[in-house]
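Now for the letters of each chain:
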Amino acid sequence: MRRRATKKTTGTGLLAILLASVPFHSGADPTLETSYNSYGYPGLIDMPVALSRPDGELAFTTSSFAGQTRNTLTFQITPRLSGSFRYSVLDDLAGRTGTLYDRSFSLHYRLLDESGWRPAFAVGLNDFLGTGVYASEYIVATKTITPRLRFSAGMGWGRLGSSGGFTNPLSVFGDRWDRRPARDAGKGGEVEAAEFFRGDAALFGGLEWQATERLSFTAEYSSDANPDETPTAFERDSQLNFGARYAIRPDIDLSLRYLYGSELGVQVTAALNPKAPPTATGGREPAPPPLRAETRVPRVSWPDSVEETTTLRRRVADALAGQGVRLHGMRRADDTVRIEIENATYTHEAQAVGRTARVLSRQMPADITQFVIIPVTNGIPVSELRLRRQDMAALEHHLDGSWRSFARTRIAAAGAGMAPAPERYPRFDWGLTPYLSPSLFDPDNPVRADFGAQLQARFEPAPGLEFSGTLRKRIIGNRDEATRRSNSVLPRVRSDFSLYDIEGDPALTDLTGAYYFKPGRDLYGRVSLGYLEPMFGGLSSELLWKPNDSAFALGIEANYVKQRDYDQMFGFRSYDVATGHVSAYWDMGNGFHAQIDAGRYLAGDWGATFSLDREFNNGWKVGAFATLTDVPFDTFGEGSFDKGLRITVPISWLTGEPSKSGYSTTIRPVTRDGGARLNVRDRLYERVRPLQKPDLQDGWGKFWR
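Now for a description of the structure that goes with this document. Once a new chain begins, its residue numbering starts again from 1 and follows that chain's sequence as written. Residue-level local features of this predicted model are given only where pLDDT is at least 70; pairs of side-chain atoms are given and counted only at 80 or more, and the full residue set underlies all totals for whole chains, interfaces and linings. As a rule here, side-chain values come from all non-hydrogen atoms in the structure, and water together with hydrogens is ignored.

1. Some words on the environment of L523
Its location among the elements puts L523 in strand 23 (residues 523–531). Distance from L523 to V382, taken between C-alpha atoms, is 9.8 Å for residues 141 residues apart in sequence. Note on definitions: a residue-residue contact is assigned when non-hydrogen atoms from the two residues lie within 4.5 Å. Leave out the neighbours within four places in its chain, and L523 touches K518, L544 and W545. Secondary structure elements follow DSSP: runs of H or I of four or more residues count as helices, runs of E of two or more count as strands, with numbering from the N terminus.

What follows is the structure, encoded as structure tokens:
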């Protein structure tokens, strides 16, 4: 929303209307919730508070007043730390002509919790990685006076020290704290750490009152003089701001504000938490088959004839298919049955293992006392899980059955694979599905998107060998209407993306052959050849070292690729490059995964990408990355270096139905050529890791489901 409010308007009448329209609820007193301020992080109206939102929450806020629109995506990274990415559309700024499309990042960290007489304390950095329009730092304290009334006060620097400023208290540590260095915005995207907590400081504060279960009011004293917005965008007659917030639903609220004595503003906030699925039941998968009590198992042995063995294998395959699991191979060794499976349905591999064990308990003869279940991906056996049949029977209804069953299961790296079931190969799968392809932050049109249909096919003639492709046809969209052209001085490996959008309809986005293999017990390999992604085709090879029970992994990838024609069919352009990376992976625990990729990128530059992702047990992923290479910031262009956010939303979270599918998107403030890495499907780490012991343990709560 960017409607300009009428100046010199009072907010008293508006607040009275809201009060009259919202019924007050009887019963227990409502308690205050922490809201988001106009910058999208925990706060009052413009000012911050020393509190946090629920761990894992992902929120989108859009606020607008006086031609200033701020759109912010905020993620509660940990219970204490939140990060925000903001895209602002700013009109009538002092000293500027036209509209400014500004991208900025913020961090908010809660240092101390409220306890007894002690308030909560937090510290924050605002616009520390952008052009500096909102650059500021703060410390703030918040104290709950009653369950319905809360007070916050703090000190700000930079923009939050621009009204009522005084000498920086930190100057006791040296004169260098007295002066805030002039910011060199350059191409944007640089961290100006020399500015942090420098220059004049100013005080701010405010009150929050929860009037009803849905309605709350806020009043604050702002330390922001709005130096870029006044007097061209609006007249600042006061530092007092007033607001009313109404919860339309628990996850959506609307706020109306009266700002700086002259302006009306509005804000809408929508939040969700990956930990809380929208389906009330939390999952609608069919119930697993019950175990068969051992005493009721027919006292027969493994069949002797080939025909009887084939019949048993097919019976097991049919039973597994009914549970959403594919049989890859099966054989007997003494009193043990070894079975290779492919999980085609469940987010957690442990759930597929549990359903397989139940099927085996019902189908196997009585002289089979142990099950060895081997999850397979891309034809490669990854782990082997050894379960005793009697443990399954003893723990099915045990109160602590999940943990006890995991403790009794022996998990190790899988050895060489067995001969696949005769009916497994060859296999051909195809599907016609819709697709959505957004393009964000084009200054001429910040939101573009295409919607269409895609035909996907995969052919597997033998274990580890796959041929696959995707053909897309746009039905509706405006990505092909982009007129801005690249001004990059680097090889245009990504910045010509609009030309691919214009000419690529229909588009063969990928067409590859790939071979997956296991050269050693903890080693995994991949070789891919073909049209690897929409912009490049060629040869890609990868080797991964990932011990089964280790939190660490190492990988190496080498590629030789050539740039594809803009129409994304079969032709190539003249540009070619050898590129590759050495990668280190670390499972940090609690769902956090860190990764470093160092090597040569598509534009021929050398450097490293640093990534941190948080993965939830239900398949949600939220992460951030940054790439620094030997390309100078000025040569890179707008944004200075490649960085962004990535989000994966599992389909099962939305529908409650079991599914391994999900929607993934990467949000980049700007797409340039430096630090651009080849996009290859099915890189090994993300294929192998979910089938190994740490991830199996994390998902073992689904074993009996």
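2. Comments concerning unusual backbone geometry
Cis rather than trans, the peptide bond between Y425 and P426 has omega equal to -5°. As for its placement among the helices and strands, P426 is situated in the loop between strand 18 (410–413) and strand 19 (427–442). Backbone torsion omega between D505 and P506 reads 0°, so that peptide bond is classified as cis. Relative to the elements of secondary structure, P506 occurs in the loop between helix 6 (497–503) and strand 22 (507–520). Backbone geometry at N226 places phi at a positive 50°, although glycine is not the residue there. Looking at the secondary structure, you find N226 in the loop between strand 9 (215–221) and strand 10 (240–249). Residue burial is assigned from relative accessible area. The probe radius is 1.4 Å, only protein chains are included, and a residue is buried under 20% of its type maximum, exposed over 50%, and partly exposed in between. Of the residues examined, N226 reaches a relative accessible area of 0% and is grouped as buried. If you check the backbone angles, D334 has positive phi at about 60° while not being a glycine. Among the structural elements, D334 can be located in the loop between strand 13 (325–333) and strand 14 (336–343). The exposed category is assigned to D334, whose relative accessible area is 67%.

3. Regarding the side chain of S222
Position of S222 relative to the elements: it lies in the loop between strand 9 and strand 10. We define a polar contact as two N or O atoms separated by no more than 3.5 Å, with the added condition that, inside protein, one atom must be a possible hydrogen donor and the other a possible acceptor, whereas residues neighbouring each other in sequence contribute only through side-chain atom pairs. A distance of 3.0 Å separates a polar atom in the side chain of S222 from the backbone nitrogen of D224. A polar contact is formed between the side chain of S222 and the side chain of Y260, at a distance of 3.0 Å. Apart from residues lying up to four places away in sequence, S222 is in contact with M47, S163, Q239, N241 and Y260.

4. Details of the sheet that holds strand 1 (residues 58–65)
At least two DSSP bridges between two strands are required for those strands to pair. Pairing is antiparallel around the closed barrel formed by 12 strands, whose spatial order is 1-2-3-4-5-6-7-8-9-10-11-12. Here the strands of the sheet are splayed against their neighbours by 20° on average, with no regard to which way each runs. The pairing of strand 4 (residues 100–112) with strand 5 (residues 120–126) spans six bridges and is classified as antiparallel. For L107, the partnering residue across the bridge sits in strand 5 and is L125. Think of each axis as a best-fit line through the C-alpha atoms, taken over the contacting stretch in the case of a helix, with angles from 0 to 180 degrees between the N-to-C directions.

5. With respect to the pattern of salt bridges
For this document, the term salt bridge refers to a Lys or Arg side-chain nitrogen within 4 Å of an Asp or Glu carboxyl oxygen. According to the stated counting rule, one finds 47 salt bridges in the structure shown. With a closest N to O distance of 3.3 Å, E396 and R358 form a salt bridge. One end of the pair, E396, is in the loop between helix 4 (389–395) and helix 5 (401–408); the other, R358, is in helix 3 (residues 349–363), and 38 residues separate them in sequence. Neither residue differs from the other here; E396 and R358 are each classed as buried. Of the charged contacts in the structure, one is a salt bridge between R424 and E460, with a shortest N-O distance of 3.2 Å. Of this pair, R424 sits in the loop between strand 18 and strand 19 while E460 is found in strand 20 (residues 445–462), placing the two residues 36 residues apart along the sequence. For the pair formed by R424 and E460, the shared burial category is buried. Connected via shared salt-bridge partners are R526, E542, E557, D597, R677 and R683.

6. Things to note about the packing of helix 2 (residues 306–321) against helix 3
Running from N to C, helix 2 and helix 3 cross one another at 140°; their axes reach a closest spacing of 10 Å. Comparing their axes, helix 3 and helix 2 come out oblique. Where helix 2 crosses over helix 3, the handedness of that crossing is right-handed. In contact with L312, R315, V316, A319 and L320 of helix 2, helix 3 contributes T356, V359, L360 and Q363. Across the contact of helix 2 with helix 3, the residue classes break down as six nonpolar, two polar and one charged. Convention used here: angles under 35 degrees read as roughly parallel, angles over 145 as roughly antiparallel, angles from 65 to 115 as roughly perpendicular, and any remaining angle as oblique. We call a crossing left-handed when the near helix sits turned anticlockwise from the far one by less than a right angle, and right-handed when that turn is clockwise. Gly is put with the polar residues, along with every residue not named as nonpolar or charged; the nonpolar set is Ala, Val, Leu, Ile, Met, Phe, Trp, Tyr, Cys and Pro, and the charged set is Asp, Glu, Lys and Arg.

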